[in-house]
Structure formats: C-alpha cells, structure tokens
Protein chains: 2
Amino acid sequence: MEMNCPVPFTDSDRILLGHGSGGRLTHRLIEHIFYPAFRNPLLEQGHDGSVFAVEKGLLAISTDSFVVDPVFFPGGNIGDLAVNGTVNDLACCGARPLYLTAGFIIEEGLPLSDLQKIVNSMKEAADNAGVYIVTGDTKVVERGKCDKIFINTSGIGIVAENINISPKNAREGDVIICSGPIGIHGITVLSTRESLGFETSLTSDTAALNGMITKLYTTVNEIHVLRDPTRGGLSSALNEIAQAAKVDIELNEASILIPDTVRAASEILGLDPLYIANEGVVIVILPEKYADKALEIMHRFDEGKDAAVIGRISSTGNGLVKMKTAYGGHRVISMLNSDQLPRIC
Amino acid sequence: MEMNCPVPFTDSDRILLGHGSGGRLTHRLIEHIFYPAFRNPLLEQGHDGSVFAVEKGLLAISTDSFVVDPVFFPGGNIGDLAVNGTVNDLACCGARPLYLTAGFIIEEGLPLSDLQKIVNSMKEAADNAGVYIVTGDTKVVERGKCDKIFINTSGIGIVAENINISPKNAREGDVIICSGPIGIHGITVLSTRESLGFETSLTSDTAALNGMITKLYTTVNEIHVLRDPTRGGLSSALNEIAQAAKVDIELNEASILIPDTVRAASEILGLDPLYIANEGVVIVILPEKYADKALEIMHRFDEGKDAAVIGRISSTGNGLVKMKTAYGGHRVISMLNSDQLPRIC
C-alpha cells in the first residue's frame, strides 16, 4: 500500500501517525527524506545507533531540544537552529564537534514539504559546521499534541589536549569579550509571531561558531571560559558564570553592541536586550593580556567582526553581575526572573 | 521573587513557562529536582555539556525520543522507559552503555510532583543499568502545545574489541532467539488509556537488558545481530534485519511466547501481537552451534528466563519474513503497515 505516501512527496502530503509507527511509513520517511539529506557511512550502519572509532582523550557530549515558535523565521528555521545550537554548546566546552544525533517529534499533519525544508537546513548547517548527523529517531503525535515539530540534537566532540575551559575558571583580572551585537535572534523570532503585529528587517544570527572558537583556543594561550548566551540572554549566561566561578563581574554598558532595531523593538515589547536570546554570539573570558590577540582573531571572522571587550571579572565575590551604565551609575544585572520569552529556541 | 516556586515543592506546584526560560526558574528546577536526583561529577561541570575521558577504541551513540501516552502506566513511566530504551539501543550495538543525556520538553502546568516521580524513576533506572545522566536540557511549551512531557535520551557506550554486531551480519544457518514473551509493553500502555475501557493485570516489561546482553557477547564466541523489538514489534524488527542482511527468515509460531492476556487483549483490539511494542525483549541472531550456550546464559537472567529459539535465517534472499503457523501452513509477516499503535513509547 504505497498510496499513503507517494514518492516523490508532493506539497499536499502530510505527516501521518503511521510515520512514527516504526513500520513501513517510518522507513519511507527515513529512505526518502532523512537518508538522502544526511547520507554518510555512520548513518547507514542500520543499527538503532551508530558505532565510530575514537582516540584516547577527552570527549564532550551535549544535548538540546528545540521548540521554537514559529518553526520558520527570517534567517533560519528550527533545523539549522538545532544543528548550530548543539555545535556551539560543544565548541563552548572546548570541543571540536564531530557527530550529532537528531530526534524528531512531529505533529500529525505537518506538510512533508516543511519537514523536507527543515531537514535540508539541518544538512546545510551540518556541512557548514563540519559535523555528521549519524543516527536519529522520529516520533509522531496526534494533531494538537505538539506544535508542528520539536527537534532534539545531541552531539559529541573531541576536546584537544591542554584545553581546560570551564565556567568555573573565570578569575579576577580576566576580561569579557562578546563576539557581536546582542538580542538579534530573540527579536527576530518575536517579530515573526503574527500576534505581535510588528516587523523588523532583522534576520536571526543563528550560526555555527565552532570555526572561530577552535581558532581561538588553538591560538590564544589561555582561555578560561566560553559560553554562548542563548536562552536568558547575555545576562543569564554571565550570572551563571559569576556563580559558578564565585566572582563578581562588571560590565560596561557603552561597550555592549545593541542594534537600533533590537533596542526599538525591545522598548515596544517592554524587554531588556540583555535578557534576549542570541544564537550566533559567544562570550570569551580570558586574562587581559591575551585580549588583543583574541580580538584580532575574532575580527577575521564574519561572526566575530564586531567583537569587543564588554567588561571584566572585577573580584572574587558572590556571583554578582553589575553594569556601569551610560550615565556613569551602576546597576545590578540579575538572572532572568520571568517567563518573558517562551519558545525562542 | 521566590514565591512562584517554593522549596520544597508541594503538590500544587506546577511547571511554569519560566521554568524553560534559561533564567532563575530553570536554575531552581535544576538545583531542586535534576541535580539532587542525578548528581555525579560529570553533571556538575557547569558547562552546557559534559567532558569525559575515553580510551582509544569504538564508541556507540544512540538517540530516542519518548512520547508515551499515558506518562504513567503499570510497571513504569516515561522516565524509566526513556533510560531503558537508550540503554538497550546501545547494548544492541554491542556497547557497554556509559553516559546518557536527558532532554525534557514539558507542558506548562505539569505538576512538579509528576516531574519529580519521573526524574526519580530515571535515576533508579540509570542506577540499575549502571549509567550516568551527565547533561540535560529543559524546555517548556505553553499549555496545549505538547502532551504533559516528552523526553529525549541520547547516550554513548563503549564497544569492546572484537565485537562486530550488525543487522547486516545475519546469514543463512543462523538461529533467532527471542528473550521472552512479546506484546506486553504495548498492551499494558493501551490498556491504561482510559478510552479503551478495559484493563489487564499486565505490567510493562520495561527493563535494562545491558547486563544480560553484555554477558552474552562477552561469553558467546559469535553473535551476529542484537535488536530490541520496540515500536513496530517483533515483526518490524525482523523485517528490518532481513532487508539489511538480504536474507529470508522463517519463524515458528509455536515457539513465540504470547501471554494469554496479550492474546486476549489483542483479539479485542484487533491487533496482531507480532506488531506490538516490547521494552524488555531482545532478539539474538547467531550461528546455530552457539544457540545452546546463549540460551543457557539468558536463562540465568530474569529478563531472559523464557528465552527460546523462535526461528532461523532460512536462506540468502530478498528480505522476506515467513512464519510457519500452528496449523502447519506459512504466512508472510510484513513490516507494520498502519498507524495502529501511536505513542506506545
């Protein structure tokens, strides 16, 4: 009975519950959508998993689920977001990302053409980041039991020798570099939600940062912390680091790049850009004497061309993040305390 | 503002959108539910991932998302199911499972007490299987945008030297061992769904099989294929293997253990037990001369005490699975062709 799911898929074909049954329709999805896009020798082993060789050393493993609403937004979709997100998490562990897994939870009725677009974006993002998607899983739930599609990516990467990057390593005298302007991904996604009734010219900053990050930690002698400030924004990431390392942080508001459109949209929405998710930004914390070298390297990359020192670890302390404002005063920047931004990633 | 989420949680506390924001509420969930349950040195690195040491060799990686409905069922819940599922997938790659990741997608409004129960079951299952949960992620979606909770587990394990297990390895002359009775998990879950209006005394067979499987492949000289017949049941798993290895399979109906309650419930529901999901069953395919040794080992384990030879690889061929029926005839067993059983795992 091939009629449920002709090949090639047409725009009217939609995900059926049977596509998650583990039976014939699941296999058709694998054969006609997943394998053609992701094809690689590891994926084709036919196991419920993938077997690969490693050398003695350190590995990093990371996982992230993506539930962004809407699924498609200017500059990307849930597919490349899911690949870049886990690639960046691995890179921020000091790892060279190698292999990703992909777990799909799909709502009955999703157009197969949407799934195809998402899978194509995942493939392209994986190619750009130099990683393979080596195993996966597909579940389908009834209409109304999820929202179009959720994707989990997990991944592993190799941590090079002599790399010791950890949020606990931040220490007095370190400076904080931010790779670029903040708030762009979150405002892009919010602006796309129909109900908000405004549009901007922004496109998401979603990008794989592993190229730039690898260059950094293989060139600069000493990097203490790497972190991509996604959910919860710059502020939550810095609070996490300050608490993990038991240090206080002082930011300089004038050095933090906030695009005018992000600032304007944030004002309309009553949001603070410091709390808005970024998907193509990395924070680098390192001894001040290496800052110039790090900036010089980052400026060579498109995603780091606006990198700047935005603050410093002011002292050992209690995990306080303070900001010197444009008016010369100070304010405490706490961790995100609300649910202002659900489903940005 | 601690009032949203007092500690210790009480039964009236529920998941809020803010628990997925990456900010303060997310951290409270991590500190008060996830860390206390899963605590281990790798989890506590504070990265968006986990770094660990490996020796030179082969690793297996696997991923699975769980969307079972209902979340709690006799014999288990989505938590232990998610841990056991990935543990078993790794074991069926010939790997000793080591580390799991846990990705939660939670519906706003889920009682925190339910999350606590699920997390406790994951911890217990992880302990039983001898694995650690080393990193995780939590997303929250609005009410009505998922169904209570979905969990992704991904995992890695070490493949011992000289292990070469693959669905492609099945060959003429091999026998097929099934570790126990089939259909139990699927019928248990179906029987729990309120709308079906019947109950059975069954409890899910969800179990970690890695202990028995490791003993098998470290003791028996040659094992060609291992596979846990979950979604799609025994039939779909065997069809996959037959197609991957380009062999024909002949099953002997009289040797396949189907509990009376599974048989009775299947008749009422119009289902074939061969297509019903199992969560504590493994298929072992190996040369006939090693079958007695394998059975002797499996019979020592509770989850293998009813292990029996249920068929053989009859010839190289086109991937056909046939069954000799109790009446002496033959019928072709194809891959699951319908969506008869959504959200069993």
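Residues numbered from 1 in each chain as written. Chains lettered and ligands numbered in written order. Predicted model: local features only at pLDDT ≥ 70, side-chain atom pairs only at ≥ 80, totals over all residues. Heavy atoms only, no water.

Observations concerning the overall build of chain A
Phase 1: A count of helical and extended segments in chain A gives 8 helices and 14 strands.
Phase 2: Principal-axis analysis of the C-alpha atoms gives chain A an extent of 70 × 55 × 35 Å.
Phase 3: Going through the 345 residues of chain A one by one, you find that 62% of them count as buried.
Phase 4: Total accessible area computed for chain A in this model is approximately 12700 Å², and 48% of it derives from carbon and sulfur atoms.
Phase 5: Distance between charge centroids for chain A: 3 Å, based on 29 positive and 42 negative side chains. (Helix = DSSP H or I, 4+ residues; strand = E, 2+ residues; numbered from the N terminus. Buried < 20%, exposed > 50% of the residue type's maximum accessible area, 1.4 Å probe, protein only. Areas by Shrake-Rupley, 256 points an atom, 1.4 Å probe, with all protein chains shown as cover. Lys, Arg positive; Asp, Glu negative; His and termini not counted. Charge placed at Lys NZ, Arg CZ, Asp CG, Glu CD.)

Description of the relation of the copies chain A and chain B
Phase 1: Least-squares fitting of chain A to chain B yields an RMSD of 0.0 Å, with the transformation described by 0.0 Å of translation along the axis and a rotation of 180°. Seen this way, the second copy is the image of the first under a two-fold rotation axis.
Phase 2: Interface residue correspondence from chain A to chain B reaches 100%, placing this contact among same-surface, isologous pairings. (Least-squares fit on C-alpha atoms with pLDDT ≥ 70 in both. Contact = heavy atoms within 4.5 Å.)

Observations regarding the UniProt feature "domain: PurM-like N-terminal" (unreviewed entry) in chain A
Phase 1: In this numbering, the UniProt entry assigns the feature "domain: PurM-like N-terminal" (unreviewed entry) to residues 46–159 of chain A.
Phase 2: Annotated as 29% helix and 46% strand, the span residues 46–159 of chain A places its first and last C-alpha atoms 28 Å apart. (UniProt positions renumbered as here; feature names shortened; annotations may be inferred.)

Considerations on helix α8 (residues 291–298) of chain B
All names here are of chain B.
Phase 1: Of all the positions in α8, only Ala291, Ala294, Leu295, Ile297 and Met298 are classed as buried. On an axial view of α8, the arc spanned by its buried residues comes to 160°, and they lie on one face.
Phase 2: Structurally, α8 contributes buried residues whose contacts are with β8 (174–178), α5 (210–219), β11 (283–287) and β12 (308–316). (Arc of directions from axis to C-beta.)

Comments concerning the sheet that holds strand β8 (residues 174–178) of chain A
Residue and element names in this part refer to chain A.
Phase 1: Strand order in the open sheet formed by 7 strands is β9-β11-β8-β12-β10-β13-β14, with mixed pairing between adjacent strands. Two strands in the sheet have a free side with no partner beyond their single neighbour: β9 (225–227) and β14 (330–332). Strand-to-strand twist of the sheet, defined as the mean angle between neighbouring strand axes without regard to direction, takes the value 25°.
Phase 2: Both β8 and strand β12 (residues 308–316) contribute to a ladder of 4 bridges, which runs antiparallel. Of the residues in β12, the one forming a bridge with isoleucine 176 is glycine 311. (Pairing = 2+ DSSP bridges. Axes fitted to C-alpha atoms, helices over the stretch in contact; angles between N-to-C directions.)

What about the interface of chain A and chain B?
Phase 1: Between chain A and chain B, the contact holds 76 residues from the first and 76 residues from the second.
Phase 2: For the chain A face of the interface with chain B, the top three residues by lost area are A:Asp48, A:Ile61 and A:Arg231, together amounting to 11%.
Phase 3: Taken together, the links from chain A to chain B amount to 8 salt bridges.
Phase 4: Between B:Glu55 and A:Lys56 there is a salt bridge; the shortest N-O distance is 3.3 Å.
Phase 5: Looking at the side of chain A that touches chain B, the elements that each hand over two or more residues are α1 (24–38), β1 (50–54), β2 (57–66), α2 (78–92), β5 (95–107), β6 (132–141), β7 (149–159) and α6 (233–245) of chain A.
Phase 6: No other element matches the 9 residues that β2(A) contributes to the side of chain A that touches chain B.
Phase 7: Taken together, the residues that form the side of chain A that touches chain B break down as 28 nonpolar, 29 polar and 19 charged. (Buried area = accessible area lost by both parts, 1.4 Å probe. Salt bridge = Lys/Arg side-chain N within 4 Å of Asp/Glu carboxyl O. Nonpolar A, V, L, I, M, F, W, Y, C, P; charged D, E, K, R; others polar.)

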